[in-house]
Amino acid sequence: QSALTQPRSVSGSPGQSVTISCTGTSSDVGAYNYVSWYQHRPGKAPKLTISDVSKRPSGVPDRFSGSKSGNTASLTISGLQAEDEADYYCCSYAGSYTWVFGGGTKLTAL
Amino acid sequence: QVQLVESGGGVVQPGGSLKVSCAASGFTFSTYGMNWVRQAPGKGLEWVAFIWSGGRNTYYADSVKGRFTISRDNSKNTLYLQMNSLRDEDTAVYYCAKGGSYYFEYWGQGTLVTVSS
């Protein structure tokens, strides 16, 4: 149950696109199409942003998108807005009803 | 709307025990799996435990297996986490999260557990 690997921080100017990567192994990210992403602002409840690699829950803006290739998943935010500043965590199902999270990425809108 | 409200956090000595709760509303609690996820100070999120809707099947992270017990009372729409043999590294905000298929659909605001002498 080793944590997935995410960059500690990413940044972009409003209107730009940013991508956060999430690297796991053939036992988690590579094995299942069950990668999810969570937006977490300080003092708030984490919020589901992407499920099942690329599904966007109702209410999440369409500038958020997800993808996966091999053992690496990615979250892309197109047309970055100031309100998107937050910590983002990826998570993968790891089999036998266990899950593993990434270490988190701090997104800064410059 | 879905609401998850955790309670019961506090300060406990190493080796001690604590039970936290999560009151659920806004959905049919008895038909969903539920999870506990924690975040230690300055660290990332860590999945802790999962329980099936009926409560019979439970699963744990290796870091808490044998020390923590997840349970639920569907008549009270409440999820629990009994924590025994607590260690310094168990200090964290504990979140309950409603299960989706293989993701965490809704989260509570969390309750802080501090293990310290």
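Structure: see above.
Quick caveat, the model's predicted, so the values are computed rather than measured. (Residues numbered from 1 in each chain as written. Chains lettered and ligands numbered in written order. Predicted model: local features only at pLDDT ≥ 70, side-chain atom pairs only at ≥ 80, totals over all residues. Heavy atoms only, no water.)

Chemist: Just to check I follow, could you spell out the interface of chain B and chain A for this structure?
Modeler: Accessible area lost when the parts come together is the quantity often used to give the size of an interface. Each partner contributes residues to the interface: chain B has 23 residues there, and chain A has 22 residues. For the pair chain B and chain A, the summed buried surface comes to about 1900 Å²; carbon and sulfur atoms form 65% of the total. Taken together, chain B and chain A are joined by zero salt bridges. Contributions of two or more residues to the side of chain B that touches chain A are made by β4 (34–39), β5 (45–51), β6 (58–60) and β10 (104–107) of chain B. Each residue belonging to the side of chain B that touches chain A can be placed in one class, and the counts come to 13 nonpolar, six polar and four charged. (Contact = heavy atoms within 4.5 Å. Buried area = accessible area lost by both parts, 1.4 Å probe. Salt bridge = Lys/Arg side-chain N within 4 Å of Asp/Glu carboxyl O. Helix = DSSP H or I, 4+ residues; strand = E, 2+ residues; numbered from the N terminus. Nonpolar A, V, L, I, M, F, W, Y, C, P; charged D, E, K, R; others polar.)

Chemist: Before we go on, may I ask you to explain the side chain of Q6 of chain A in this structure?
Modeler: All names here are of chain A. Take Q6: it is sitting in the segment before β1 (9–12). The exposure class assigned to Q6 is buried, which follows from its relative accessible area of 10%. A polar contact of 3.2 Å, which involves the side chain of Q6, links it to the backbone nitrogen of G104. At 3.0 Å, the side chain of Q6 forms a polar contact with the side chain of T105. Beyond its immediate sequence surroundings of up to four residues, Q6 is in contact with I20, S21, C22, W37, Y88, Y89, C90, G102, G103, G104 and T105. (Buried < 20%, exposed > 50% of the residue type's maximum accessible area, 1.4 Å probe, protein only. Polar contact = N/O pair within 3.5 Å; in protein donor to acceptor, adjacent residues only side chain to side chain.)

Chemist: What am I meant to see in the sheet that holds strand β5 (residues 64–69) of chain A here?
Modeler: Backbone hydrogen bonds are what pair the strands of a sheet, in a parallel or an antiparallel way. Residues and elements named next belong to chain A. Strand order in the open sheet made by the three strands is β2-β6-β5, with antiparallel pairing throughout. The open sheet has two edge strands with one neighbour each: β2 (18–23) and β5. Strand-to-strand twist in this sheet, taken as the mean axis angle between neighbours without regard to direction, amounts to 20°. Strand direction decides the pairing type here: β5 and strand β6 (residues 72–77), joined by six bridges, are antiparallel. (Pairing = 2+ DSSP bridges. Axes fitted to C-alpha atoms, helices over the stretch in contact; angles between N-to-C directions.)

Chemist: Sorry, what's going on with the packing of aromatic side chains here?
Modeler: Within a pair of aromatic rings, the relevant descriptors are the distance that separates the centres and the angle that separates the planes. Residue and element names in this part refer to chain B. In this structure the tally under the stated criterion is 25 aromatic pairs over all chains. Here the aromatic rings of F27 and F29 are separated by 6.2 Å at their centres, their planes lie at 55°, and the arrangement is tilted. There is no split in this pair, since F27 and F29 are both buried. For the cation-ring pair, K19 lies above Y80, with the distance from its terminal atom to the ring centre recorded as 4.6 Å. In this structure, R72 is placed above the aromatic ring of F29, and the distance from its NZ or CZ to the ring centre is 4.2 Å. (Phe/Tyr/Trp six-rings, centres within 6.5 Å; stacked < 30°, edge-to-face > 60°. Lys NZ or Arg CZ within 6 Å of the ring centre and 35° of its normal.)

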